[in-house]
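Secondary and tertiary structure notes
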Amino acid sequence: MDLALLYSGGKDSSLAALLVDSFYDVRLVTAHFDATDDWQHAETAAEAIGFPFETIVLEAEVAEEAIARMREDGYPRRGIQYVHERALEAVAERDVDAVADGTRRDDRVPTVSRAQAQSLEDRHDVDYIAPLSGFGRHAVDRLVEATFDVQTGPSEEVPKADYEGELRRLLTEKYGDDAVAEVFPDHDQTYVHGFRE
């Protein structure tokens, strides 16, 4: 069975790929806006952990709506959630049996509610899988530490291919350098360089 997993190159989506690999033919898919070449970081990480990789370009209107929500709130949560939902929809339209992501039990954003998952499954005739939904942050961190060579650091310094990097770029282009600081709090990101030796 074919499964497309939304992939950023970070620890959560990398661990999720390993967890479903015994049951599905997994391909890692990075959704992006074609605003930067950040997706290449995910491609490199996917190669390092041995999975096929693809990209999908989301419509510019999705980024515009996400940025509008973030600026309205002064916080990225609703914007990131919106992009994640649109990315899941886009991946579910591919010829796959299942779609997945790296959302954890205690994530604040993005999340997928039971109703959203059922709607996605019913409308696209796919299974939605959240392999980490039963794992808390500490459990994920312990498994990742034992498995992957991971770089951790401030979001603006760590190579990544999640939605945030491109949204930061688009915010800056449209509203100036201060716009990013007005929306995104300081936080750390991760990037998987491969397996631990």
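The present account deals with the structure reproduced in this document. (Residues numbered from 1 in each chain as written. Predicted model: local features only at pLDDT ≥ 70, side-chain atom pairs only at ≥ 80, totals over all residues. Heavy atoms only, no water.)

1. Some thoughts on the layout of surface pockets
Applicable threshold: Using only the protein atoms, space was sampled on a 1 Å grid; points where a 1.4 Å probe fits but cannot get out form cavities, open sets with protein on both sides within 12 Å along at least five of seven lines form pockets, and lining residues are those with an atom within 4 Å of a point. Grid points are joined across faces, edges and corners, and a volume is the space filled by probe spheres set on the points. A run of H or I in DSSP becomes a helix once it reaches four residues, and a run of E becomes a strand once it reaches two; helices and strands are each numbered from the N terminus. Gly is placed with the polar residues, together with every amino acid not listed as nonpolar (Ala, Val, Leu, Ile, Met, Phe, Trp, Tyr, Cys and Pro) or charged (Asp, Glu, Lys and Arg).
Roughly 1400 Å³ of internal volume is contained in the largest pocket. In terms of lining, the largest pocket is formed by 43 residues, of which the most central are Asp-12, Asp-107, Val-109, Asp-188 and Gln-189. Elements with a minimum of two residues in the lining of the largest pocket: α1 (11-20), β2 (25-32), α4 (77-92), α6 (137-147), β6 (148-154), α7 (163-175) and β7 (188-195). The biggest single contributor to the lining of the largest pocket is α6, with four residues. Residue composition of the lining of the largest pocket, by class: 16 nonpolar, eleven polar and 16 charged. Looking at the second largest pocket, its volume works out to about 180 Å³. For the lining of the second largest pocket, the residue count by class is two nonpolar, three polar and six charged.

2. Side note on the nonpolar core
Heads up, the condition is: To qualify as a nonpolar core, a set must consist of buried Ala, Val, Leu, Ile, Met, Phe, Trp, Tyr and Cys residues joined through side-chain atoms within 4.5 Å. Between buried and exposed lies partly exposed: a residue is buried under 20% and exposed over 50% of the maximum accessible area for its type, with that area taken using a 1.4 Å probe on protein chains only. Residue contacts are counted whenever heavy atoms from the two residues lie within 4.5 Å of one another.
Grouped together as the largest cluster of nonpolar side chains are 35 residues, with contacts concentrated most on Val-83, Val-99, Tyr-163, Leu-167 and Leu-171. Of all the secondary structure elements, the ones that give two or more residues to this core are β1 (2-6), β2, α3 (60-73), α4, α5 (114-124), α7 and α8 (178-183). It is α4 that provides the largest number of residues to this core, a total of eight residues. Not counting residues up to four positions away in its chain, the partners in contact with Tyr-163 are Leu-6, Ala-31, Ile-80, Val-83, His-84 and Ala-87. Ala-17, Ala-46, Ala-98 and Val-140 belong to the second-largest nonpolar core, a separate cluster that totals 26 residues.

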